[in-house]
Every structure is written in structure tokens, then in C-alpha cells.
Amino acid sequence: MSGHRNSQFSRRTFMQMTAATSAALAAYRASAAAAQDVTLNILNSNTAWADALTSSVAEAYKGAKIAGESNPYESHYEKMAIELSQGSDTFDIITTDNLWVTQPIRNGWAANLTEMKQSNSALPDLQVQNLTDASLVYTESKGQRYGLPLVQTTPCFVYRKDLFQKAGIDKVPATWDEYVAAAKKLHSSDVAGVTILMGGQDALTSGDWGSRIMGMTKLGPNDDGMLSPDNEPIFNSEGQGERALERLKELLPYCPQGYQSFDYPEGSSALQQGKVAMLVTWTDVIVGIEDGPHKGQFAYTVSPTEKFEQQMVGGWSIFANAHSQNLDEAYKFLAWMTEGRAYELFREGGESSLCLKSDLANPDITKVVPMLQSFRDFDLRGTQSISLPPYRLTNAVEVQRAVFEELQAGLTGSKTSKQAMADAQDRVYKLVKG
């Protein structure tokens, strides 16, 4: 009898397990089908990774459908701020320059992914260990994760190898003194030795001026060179802001006609078309220059420095809109991204500013994406990664705008460098402290 009972129990258990498995499979299929009925709408940019996000990445993802609205950099922030401040659920997922990311996090507009996972164990884990540490900084706050990096960028020194050889420059400039000397030697009536991007708020403030102040005082990995931990303006604490402005003024005689209005597109285009011999700008800005008439003639490395080998690492990030009606599906999409395939598709789509560790570790990929040499040269030069200023501020864009206007005043000569920096400090202090 005991054997009979055991046999019956075993069959009953088997049937129960089969039923449970069938129910789970049915639930999974229902969930997958439901996901297919969901469309995640992304507030997107107009870069190589952005194009991939709504094409090859969307095609590779087997969950919800992915759609998006592309916006140029100049209007993207305004669109993001308006949508999120109004509690709109039009966009389920938002892409953001790291300069802007603190605002949605502090205002509760970005969904707390850590809390979502804690409250729903069925959600997949985020595989953030696949992404570089420097790129992850911007979407983490007080031990909580609010989003993911899309790309990581750094100021990159890009130059024409053939023009360097023609001018007899056999050492790649590693200091700003050497950079100015090279600009003078390269400059001709046909090709400008260098350009700065004086017409763009981010391009001038973070790219041109920012890349110079970063090497003038000793900074820690989480410092941004502009504000102290107490949000005191420190960008001219040792005269470095004024000195960086003077450094930019040294280059003006070797810039092309019209440089006063150059932003990222104009600077990249001038370089691509052979009107400029060298440039320091963010790696994501020069995507596509190898598609121009001088393909194969460009070289890329860490930007020069003044005294300390320190360089900003910035980029773009992505987060789920806390007001989305499809939060779980948005989370699942972000979790899938961290597995790595999405980032590989960014690269295959032409993106050069990569944050997938396996991509950066692979020398064969650097041959395909030569801009990555900037990051690889960090080790060769002993370059320390530091943060992008002033991303920790909710009103970072306002603060950057104030500095930008003073930098322009200093470069045009309407103010001395000393006065421009004094006024910039005063304006930033008032904006930060209220």
C-alpha cells in the first residue's frame, strides 16, 4: 500500500508541476504578447547612437516596440524640460546629455530603477558591470540607479597626420604650449592651423575652455573643476580660469574666417573638409569626419594639458520617465541594453564614443573606430578621469550659459580676461546660491 501511495503521490506531484509549468509558460507568452502591444516612445537626439536606437537596436529587441522623436542638440534640453516638468507621459524613455541629467533625477522625473527592482523581483537585473565606471557616474545618486549611459565622451585632440608631416612636426603636442606652436606652424592661407568653437555654449565652455582649466589644478576623480563640494565657484581659484581664457586668445590668429560663430557642426565640418588642420573637441562631435575627402589622414589622442594629466569624461545617458504608463516595459528595455548587444549596434551604426568595456578593451575595434584611441591613450599618458562640470547642479545649463557669455566677452575683447572671470564667478555664485 505504501508503494501505491508513493506512486500516486508522484503522479499527482508530476501533474501539479506540469500544470504549474504550463501556467508559467502561458503567463510568459501572455507577458511577451502584451509587451509586443506596447510602444516605448523615446525622446531622442540626432546622433549616430540615436539613429541606431530607433532602428537596429529597436529591431534587435524582442520586447516592446521602440519608436522615437529625433531632436537636434540645441532644442533637446528645452523639449525635455518642458515635457517632464509638466508631468507628460508622451515619452516613456528620455535621452539626455550628462550636463542635464541631475535635473530630472532631483526633480523626481527619472524613475528610480533600484527601487523598481526591489519592489518587483520579476524584473531582470541590470548588468551595469558591462559598462565603464566613468560612464555610470552620472545616473547614480546616493547609491540608487536612475538610468544608464548611452555613450561616454572625452575631449579629443584630432589632427591631420599628412599636414603635420608636411610642416615637419614630428612630435604630437601634449601641452598647450606645443599646441599653439603647432597651430602657428600649420597655419596657411589655404588651411587654418586650428579653430575654437566660439559660437556654441557647450562647445566653448566645456570643450575649449573646460579642457584647459582641467589640467591646471589638481582634481579628484569626482571633482569637476568648476565648483567645490559645497558648490562654491573654484574655476578661477588659482587664476586658472583667466589663464585658460588667455590660452584660447593665443589661438585666434590661427583660426579660420567665421570661427566666431562656429559650434560643433561647423567645427567638425571645417576639419572634415580640410579647412582646419587640428581641433580639440568632444569625441562624439567628430563622428563621420572619416567619411569626408581626407579619410585615413586623421589621428586621435588625448587632448593636451597644462600641468596635470586630468581629463573630463562625459557623454549621454538614458532614463525612464517616472510618469510613463509603461514603466515596467521601459525598465526591461534598459535592462536588455545592459546585456551589451545594443551598445554593439551603436558602434556598428557609426558611433565612436563607446562605453561597453569589451569594446574599449579590443584593439581591433580601435582600428574600426579610431577616435577610441583617445581613451586608450589615457593609460599611455597616465590620464586621470574627472567629472563633467557643472553636471551636479539642477540649473547646470543656466550656470554654463553665464560662463559662456563671459568667455565670449573675454575673447571678443569687450572685457579683459581678468574682468570676464571675475564677472563669471559673481554670476555663478548668485545662480548657485540664489
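Above this text is the structure in question.
Residues numbered from 1 in each chain as written. Predicted model: local features only at pLDDT ≥ 70, side-chain atom pairs only at ≥ 80, totals over all residues. Heavy atoms only, no water.

Draft legend 1. Quick peek at the packing of aromatic side chains. As enumerated under the stated definition, the model contains 16 aromatic pairs in all. Taking 5.3 Å as the distance between ring centres and 75° as the angle between the ring planes, the aromatic pair formed by Phe 157 and Tyr 179 counts as edge-to-face. Of this pair, Phe 157 sits in strand E7 (residues 155-160) while Tyr 179 sits in helix H9 (residues 176-186), placing them 22 residues apart in sequence. With a centroid separation of 5.6 Å and 40° between ring planes, the pair formed by Phe 375 and Phe 378 is classed as tilted. Placement of the pair is Phe 375 and Phe 378 together in helix H17 (residues 373-381), with a separation of three residues, close to one helical turn. Judged by its relative accessible area of 12%, Phe 375 falls in the buried class. Sitting above the plane of the Trp 176 ring, Arg 212 keeps its charged end 3.8 Å from the centroid. (Phe/Tyr/Trp six-rings, centres within 6.5 Å; stacked < 30°, edge-to-face > 60°. Helix = DSSP H or I, 4+ residues; strand = E, 2+ residues; numbered from the N terminus. Buried < 20%, exposed > 50% of the residue type's maximum accessible area, 1.4 Å probe, protein only. Lys NZ or Arg CZ within 6 Å of the ring centre and 35° of its normal.)

Draft legend 2. A look at the sheet that holds E7. With respect to topology, three strands assemble into an open sheet ordered E8-E7-E9, the strand pairing being antiparallel. The open sheet is flanked by strand E8 (278-282) and strand E9 (298-302), the only strands paired with a single partner. The average undirected angle you get between the axes of adjacent strands in this sheet is 25°. Set on the sheet, helix H10 (residues 201-213) makes contact with E7 and E8; between it and E8 the angle comes to about 110°. (Pairing = 2+ DSSP bridges. Axes fitted to C-alpha atoms, helices over the stretch in contact; angles between N-to-C directions. Contact = heavy atoms within 4.5 Å.)

Draft legend 3. Quick peek at the sheet that holds strand E11 (residues 314-320). Strand order in the open sheet formed by five strands is E2-E1-E3-E11-E6, and the pairing between neighbours is mixed. Sheet topology places strand E2 (65-70) and strand E6 (148-153) at the edges, where each strand pairs with a single neighbour. Pairs of neighbouring strands in the sheet enclose a mean axial angle of 20°, with direction left out of account. Where strand E1 (residues 39-44) meets E2, six bridges bridge the pair, whose relative direction is parallel. Paired with Asn 41 across the two strands is Ala 67, which belongs to E2. On top of the sheet, helix H13 (residues 327-337) reaches E1, E2, strand E3 (93-97), E6 and E11; it is set at about 145° to E11, its chief contact.

Draft legend 4. Focus on the side chain of Asp 208. Mapped onto the fold, Asp 208 is located in helix H10. Contact partners of Asp 208, with chain neighbours within four places excluded, come to Ile 196, Leu 197, Ala 203, Leu 248 and Val 280.

Draft legend 5. Spotlight on the layout of surface pockets. Counted as a void, the largest pocket has a volume near 500 Å³. The wall of the largest pocket is formed by 22 residues, among which Thr 47, Tyr 73, Tyr 264, Asp 284 and Val 285 lie closest to the centre. Of all the secondary structure elements, the ones that give two or more residues to the lining of the largest pocket are helix H4 (73-85), H10, helix H12 (264-272) and E11. Tallied by class, residues from the lining of the largest pocket come to nine nonpolar, eight polar and five charged. (1 Å grid on protein atoms, 1.4 Å probe; cavity = no way out; pocket = protein on both sides within 12 Å on 5 of 7 lines; lining within 4 Å. Points joined across faces, edges and corners; volume = space filled by probe spheres on them. Nonpolar A, V, L, I, M, F, W, Y, C, P; charged D, E, K, R; others polar.)

Draft legend 6. Representation of empty space enclosed by the protein in the model. Overall, the coordinates contain two cavities of 30 Å³ or more when judged by the stated rule. Its boundaries defined by the atoms lining it, the largest cavity holds a volume of some 50 Å³. What lines the largest cavity is Pro 155, Ser 211, Met 214, Gly 215, Ser 303, Pro 304, Thr 305, Gln 310, Gln 311 and Met 312. When residues of the lining of the largest cavity are assigned to their parent elements, the largest contribution, three residues, is made by strand E10 (residues 310-312). Its residues placed into classes, the lining of the largest cavity shows four nonpolar, six polar and no charged. In this structure, the second largest cavity is lined by Thr 205, Ser 206, Trp 209, Gly 210, Met 226, Pro 389, Pro 390 and Gln 400. In terms of residue count, H10 provides more of the lining of the second largest cavity than any other element does, four residues in total. Among the residues making up the lining of the second largest cavity, the classes are represented as four nonpolar, four polar and no charged.

Draft legend 7. Local environment of the pairing of E1. Of all six residues making up E1, five are buried, and the element is well covered by its neighbours. Relative to E3, E1 runs parallel, the two sharing two bridges. In the sheet register, Leu 43 faces E3, and the bridge partner there is Ile 94.

Draft legend 8. Inspection of the packing of H10 against helix H11 (residues 240-251) at higher detail. Taken N-terminus to C-terminus, the directions of H10 and H11 make an angle of 110°; their axes are 8 Å apart at the nearest point. It follows that H10 is roughly perpendicular to H11 by the angle criterion. Here H10 and H11 pass one another in a crossing that is right-handed. Residues Leu 204, Asp 208, Trp 209, Arg 212 and Ile 213 of H10 form the contact with H11, whose own contacting residues are Gln 240, Gly 241, Ala 244, Leu 245, Arg 247, Leu 248 and Leu 251. For the contact of H10 with H11, the class distribution of residues is seven nonpolar, two polar and three charged. (Parallel < 35°, antiparallel > 145°, perpendicular 65-115°, else oblique. Left-handed = near helix turned anticlockwise from the far one by under 90°.)

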